[in-house]
Amino acid sequence: MARATHHRGHRRRGDRRAPHAGAGPCRRRRRRRREGRRPRRARRRPRQTRRAERPRGRGHGGPSAPRRTGEPARPVATALAGRGLGPHRTPRPHPRQIGRRDRDRRPPPSRRRHRGARCGGRPAANPQGRCRVRAERPRGARRARRRDQPAAVALRPPQGRGVRTNRHHHKGSKRLVSITRRLSLAALVAVSLALPGAAVAQEKDTITIDLVNEPSSLDPHGQWNPDSYYVYRNVFDNMVTRDDAGEIVPQVATDWERISDTQVRFHLRDDIVFHDGEPLTAEDVVYSIERITDPEFASPQLGQFNKITGAEAEDEHTVVLTTDGPYPVLLPQLVKLSIVPKHVVEEVGNDAFNQNPVGSGPYKFTEWRRGVSVTLTKNGDYWGEPGVFETAIFRAVPDGATRLANLQAGSADLVVTLDSDQAAQIEGSGSAKPLIVQTERVGYFALNSTKPPLDDERMRRAIALAIDKEGIVDGILAGGEVVVGELVSPAAFGWIDGIEPFPYDPEEAERLIAEVGEAAGTPMKLATSPVFDQRIVQAIQQMLTDVGLNVEIEMTDMATWLKNQQVSNEDAPMLTFSRWSCACQDADGIMFPLLHSGQSWSRWSSPDVDELLETGRSSLDEETRLDAYKALHEKVKEDVPIIPLYQAAIIYGGAANLKWQPTANESMFLNRMGWGE
């Protein structure tokens, strides 16, 4: 008949803790070892197995192991050392390696490995040999807790008196419990997927967008580089906007009328509120215009709005704007004018407002983790079309390969600025897709013509002839870009057919450089940022080096690059590769800030160029404007203050189920996105 093994020193069925030597038979075994006697066995050996014939027990050489014939008796200390109790320990076998007959030769319970986290470690750390956890727990506590365990635990074999304790049976029951739990979890998942609406539940509430850099500013009247514009354009509403087809449509202003050549009246919506609950009024519109045109505020967008000389609120929802002469580009420029709350900016100041912007757009600002990400949350009270995402996270990921990997792994839903090779990797993958659009953006190479040796027209022309534009577009980009000979793309007003680009002629470039003489060897730095395709930057450096120029690449983050571009001519870089977009799709938004002598971006001073630029932005007659821009393009090609390279095609990467149509002005409106099939 099987004995009930409910002594303190023995393991009960279902108790996963290692046996311990706190009381009962274990105490008697310790006493026998101290006296040098063989411990009494818990099981009776078969009678036919004589002592001299019994095996040694696989690596154990303690007093329970028999001596071989002729082997002298070992001292007690040596025998205990073989047990692992002395300074010389031998490896103990795994319990599964011990046969049923040899299991009695396992090390005594007091010296078996304890679960350190529960029982206080080995006996050296617990001199009394008592399991601390068990000693402090009242009797019956373990059994009571088992009643609260999941039903799957009930599959263990019954316990109690008269039930044989079998370790193999116990291990099998634990495996059965584990398998049952796994099957239960799989069944729950299968049932949840089969429920109605489960497919809808799979759509994520959060969209993650990987940008190249973090925003330089979240104040819409500060910097307006793409990484900033992508984010803050979802926080603020603008006077007007463009639809996906590129047409100007109402936003804050519902309609407008021209009072005279210099005045336009705008009627505003009366149901817009800022994220702090205050209504948007004409006073906020007037304040926004006065702020962005204030020379002391020094907005980088000042050149886009400095033709506006006055803003007046006729009532809470009517504003009249006055311009310095006729201004045909007013509406295209107002596409970029975000309305900020006057009461918030005046209360907290410009710096604090940049850190915690308050707008009226479809998404609210939540958090800006510097150098990592910006988080926006859905504005549930938005007056217009709401977004489908509860949260939007814009992350700064400078490396293009990392952005691509994030998209392929599913940790990003939309990534920007991929190249053609990366687009080919996700084409047809099933998990992601390339989204390509030709934009109003123009790639160009700027020359600081106010500093030698670039103040020599021969040097500037030599650089223009040394750059292989076709090679850049076809051999490097290959993403839909088009070589252009003017500082405007075909997507913008002011494009003139027939303006040919500079040809690629390195021999002529070398001849011109030789004419310049020693000055041509002056070291020149080429300013760039990770946001730009470094393959192009390195290719241009190599092309200029091949014709005998000394060019060194200077890499900075985008915020620093922007600051370095908006300084005096003396402090500005000698060479710059960049791409420009005004989001207004008009030549005035590109050519005026880059070429007018009074602009911080310009490295050129020419009265003729300034006059043509003023004509292009002050005539209400389209033909007059086009004639001015044609003459301007020809003048640029003659004097070479800047070198147009190509019309940019932007390649985004989106998740396979993302619904979004990129636009030529590179806007990224979250409330125009969604999940598809």
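Residues numbered from 1 in each chain as written. Predicted model: local features only at pLDDT ≥ 70, side-chain atom pairs only at ≥ 80, totals over all residues. Heavy atoms only, no water.

Visitor: What is the right way to look at the overall build of the protein in this model?
Guide: Of the regular secondary structure elements, the protein holds 23 helices and 19 strands. For the protein, the residues scored as buried account for 49% of the 677 residues in total. Sequence-distant contacts, at least 24 apart, represent 68% of the contacts inside the protein between residues at least 6 apart. Roughly 32200 Å² of accessible area belongs to the protein as shown, and the carbon and sulfur atoms make up 49% of that amount. (Helix = DSSP H or I, 4+ residues; strand = E, 2+ residues; numbered from the N terminus. Buried < 20%, exposed > 50% of the residue type's maximum accessible area, 1.4 Å probe, protein only. Contact = heavy atoms within 4.5 Å. Areas by Shrake-Rupley, 256 points an atom, 1.4 Å probe, with all protein chains shown as cover.)

Visitor: How should helix H19 (residues 534-546) be read in this particular structure?
Guide: Here H19 spans 18 Å end to end across 13 residues, near enough to the 18 Å set by a 1.5 Å rise per residue. A positive backbone phi angle near 105° is found at Gly548, which sits one or two residues after H19. (Expected span 1.5 Å × (residues − 1).)

Visitor: Just checking my understanding: could you explain the nonpolar core for this structure?
Guide: Most often, soluble globular proteins keep nonpolar side chains buried together rather than apart. Membership of the largest hydrophobic core comes to 137 residues, with the highest contact counts inside it found for Phe445 and Leu575. Per-element tally for this core: the top contributor is strand E17 (residues 642-655), with eight residues. If we ignore the near neighbours within four places in the chain, the residues touching Leu575 are Phe445, Ala446, Leu447, Leu454, Ile463, Met524, Lys525, Leu526, Ala527, Leu544 and Val551. Residues Leu407, Val415, Ala423 and Ile651 belong to the second largest nonpolar core, which totals nine residues. (Core = buried A, V, L, I, M, F, W, Y, C linked by side-chain atoms within 4.5 Å.)

Visitor: I tried to follow empty space enclosed by the protein on my own but got confused; where do I start?
Guide: Picture a little ball the size of a water molecule; that probe, rolled over the atoms, points out where space is still empty. Going through the model one piece at a time under the given rule, you end up with nine cavities of 30 Å³ or more. Around the largest cavity, the lining is made up of 27 residues, and of these Trp224, Asn225, Pro226, Arg441 and Arg579 lie nearest the centre. At the level of elements, helix H8 (226-232), strand E12 (432-447), helix H20 (558-565) and strand E16 (575-580) are the ones that each hand at least two residues to the lining of the largest cavity. Residues of the lining of the largest cavity, tallied by class, amount to 16 nonpolar, seven polar and four charged. Roughly 130 Å³ of volume is contained in the second largest cavity. Looking at the second largest cavity, it is lined by 15 residues, and the ones nearest its centre are Ala446, Leu447, Trp601, Arg603 and Ile642. Only E12 and helix H21 (587-595) provide two or more residues apiece to the lining of the second largest cavity. Among the elements that line the lining of the second largest cavity, the one with the most residues is E12, at three residues. When its residues are assigned to classes, the lining of the second largest cavity shows 11 nonpolar, three polar and one charged. (1 Å grid on protein atoms, 1.4 Å probe; cavity = no way out; pocket = protein on both sides within 12 Å on 5 of 7 lines; lining within 4 Å. Points joined across faces, edges and corners; volume = space filled by probe spheres on them. Nonpolar A, V, L, I, M, F, W, Y, C, P; charged D, E, K, R; others polar.)

Visitor: What am I meant to see in the side chain of Asp588 here?
Guide: Within the fold, Asp588 resides in helix H21. A distance of 3.4 Å separates a polar atom in the side chain of Asp588 from a polar atom in the side chain of Gln333. (Polar contact = N/O pair within 3.5 Å; in protein donor to acceptor, adjacent residues only side chain to side chain.)

Visitor: I would appreciate a short explanation of the environment of Asp419 in the present structure.
Guide: With respect to the helices, strands and loops of the structure, Asp419 is situated in the loop between strand E11 (414-415) and helix H15 (420-426). Using a relative accessible area of 19% as the deciding quantity, one classes Asp419 as buried. Distance in space between the C-alpha atoms of Asp419 and Pro434 is 10.0 Å, their sequence separation being 15 residues. Beyond its immediate stretch of four places on either side in the chain, Asp419 contacts Asp533, Arg535 and Ile651. Reaching out from Asp419, the side chain makes a polar contact with the backbone nitrogen of Asp421 at a distance of 3.1 Å.

Visitor: Got a minute to help me understand the state of the cysteines in this structure?
Guide: Linking two cysteines covalently through their sulfur atoms gives a disulfide. Evaluated as defined, the whole model comprises one disulfide. The partner cysteine of Cys582 in its disulfide is Cys584, sulfur to sulfur 2.2 Å. Negative torsions about the S-S bond denote left-handed disulfides, and the value of about -90° found for Cys582 with Cys584 makes this one left-handed. We note that Cys582, like Cys584, is buried. (Disulfide = S-S within 2.5 Å.)

Visitor: Could you clarify how one ought to interpret the packing of aromatic side chains in this entry?
Guide: In this structure the tally under the stated criterion is 10 aromatic pairs. Judged by centre distance (4.9 Å) and plane angle (90°), the rings of Trp580 and Trp601 are edge-to-face. Residue Trp580 is found in strand E16, and its partner Trp601 is found in the loop between H21 and helix H22 (607-618); the two are separated by 21 residues along the sequence. There is no split in this pair, since Trp580 and Trp601 are both buried. (Phe/Tyr/Trp six-rings, centres within 6.5 Å; stacked < 30°, edge-to-face > 60°.)

Visitor: For this particular structure, what's the right way to read the packing of H22 against helix H23 (residues 622-639)?
Guide: Working note: a packed helix pair is described by the angle between its axes plus the distance between those axes. Remark: H22 packs on H23, axes separated minimally by 8 Å, with the N-to-C direction vectors making an angle of 155°. Taken together, H22 and H23 sit at an angle that is classed as roughly antiparallel. Both H22 and H23 take part in a crossing whose hand is left-handed. Together, Asp608, Val609, Leu612, Leu613, Thr615, Gly616 and Arg617 of H22 and Thr624, Arg625, Ala628, Tyr629, Ala631, Leu632 and Lys635 of H23 make up the contact between the two elements. Looking at the contact of H22 with H23 residue by residue, the classes come out as seven nonpolar, three polar and four charged. (Axes fitted to C-alpha atoms, helices over the stretch in contact; angles between N-to-C directions. Parallel < 35°, antiparallel > 145°, perpendicular 65-115°, else oblique. Left-handed = near helix turned anticlockwise from the far one by under 90°.)

Visitor: So what exactly am I meant to see when it comes to a negative patch on the surface here?
Guide: Together, Glu283, Glu290, Asp294, Glu296, Asp315 and Glu316 make up a negatively charged patch on the protein surface. Within the element layout of this structure, Glu290 appears in helix H9 (residues 282-292). Residue classification places Glu290 among the partly exposed residues on the basis of a relative accessible area of 45%. (Patch = residues over 30% accessible without salt bridge, like charges linked within 9 Å, V, L, I, M, F, W, Y side chains within 5 Å. Salt bridge = Lys/Arg side-chain N within 4 Å of Asp/Glu carboxyl O. Lys, Arg positive; Asp, Glu negative; His and termini not counted. Charge placed at Lys NZ, Arg CZ, Asp CG, Glu CD.)

Visitor: I tried to follow a positive patch on the surface on my own but got confused; where do I start?
Guide: There is a patch of like positive charges on the surface, built from Arg27, Arg28, Arg31 and Arg34. Tracing the backbone shows Arg27 in helix H1 (residues 25-34). For Arg27, a relative accessible area of 42% corresponds to the partly exposed category.

Visitor: When you look at the pattern of salt bridges in this model, what are you seeing that I'm missing?
Guide: Once their charged atoms are close, side chains differing in charge can pair, the charge on each being opposite to the other. This structure, assessed with the given rule, holds 20 salt bridges. Among the ionic pairs, Arg672 bridges to Asp244, the shortest N-O distance being 3.0 Å. Here the residue Arg672 occupies a position in the loop between strand E18 (658-659) and strand E19 (674-675), and Asp244 occupies one in the loop between strand E2 (240-242) and strand E3 (248-250), the gap between them amounting to 428 residues. Note that Glu314 and Arg265 form a salt bridge whose closest N and O atoms lie 3.1 Å from each other. Here Glu314, found in strand E6 (residues 308-315), pairs with Arg265, found in strand E5 (residues 263-268); they are 49 residues apart in sequence, far enough to count as distant.

Visitor: Honestly, the pairing of E12 in this entry has me stumped. Any pointers?
Guide: Two faces, one strand: in a regular strand the side chains alternate between the faces of the sheet. In terms of burial, E12 is a largely internal element, 13 of the 16 residues being buried. Pairing between E12 and E16: six bridges, direction antiparallel. By the bridge assignment, Tyr444 is partnered in E16 with Ser578. (Pairing = 2+ DSSP bridges.)

Visitor: Just to check I follow, could you spell out the pairing of strand E8 (residues 363-369) for this structure?
Guide: Taken together, the six bridges between E8 and strand E9 (residues 373-378) define a ladder with antiparallel strand orientation. The partner of Tyr363 across the bridge, within E9, is Lys378. What sits between E8 and E9 in their antiparallel hairpin is a turn of three residues, with Gly371 showing a positive phi close to 80°.

Visitor: What's the story with the packing of helix H16 (residues 457-466) against helix H18 (residues 506-516) in this structure? I'm lost.
Guide: For the pair H16 and H18, interaxial distance at closest approach is 8 Å and the crossing angle is 160°. Looking at the two axes, H16 sits roughly antiparallel to H18. The handedness of the crossing between H16 and H18 is left-handed. Seen from H16, the contacting residues are Arg458, Met459, Arg461, Ala462, Leu465 and Ala466; seen from H18, they are Pro506, Glu508, Ala509, Leu512, Ile513, Glu515 and Val516. Tallied by class, residues from the contact of H16 with H18 come to nine nonpolar, no polar and four charged.

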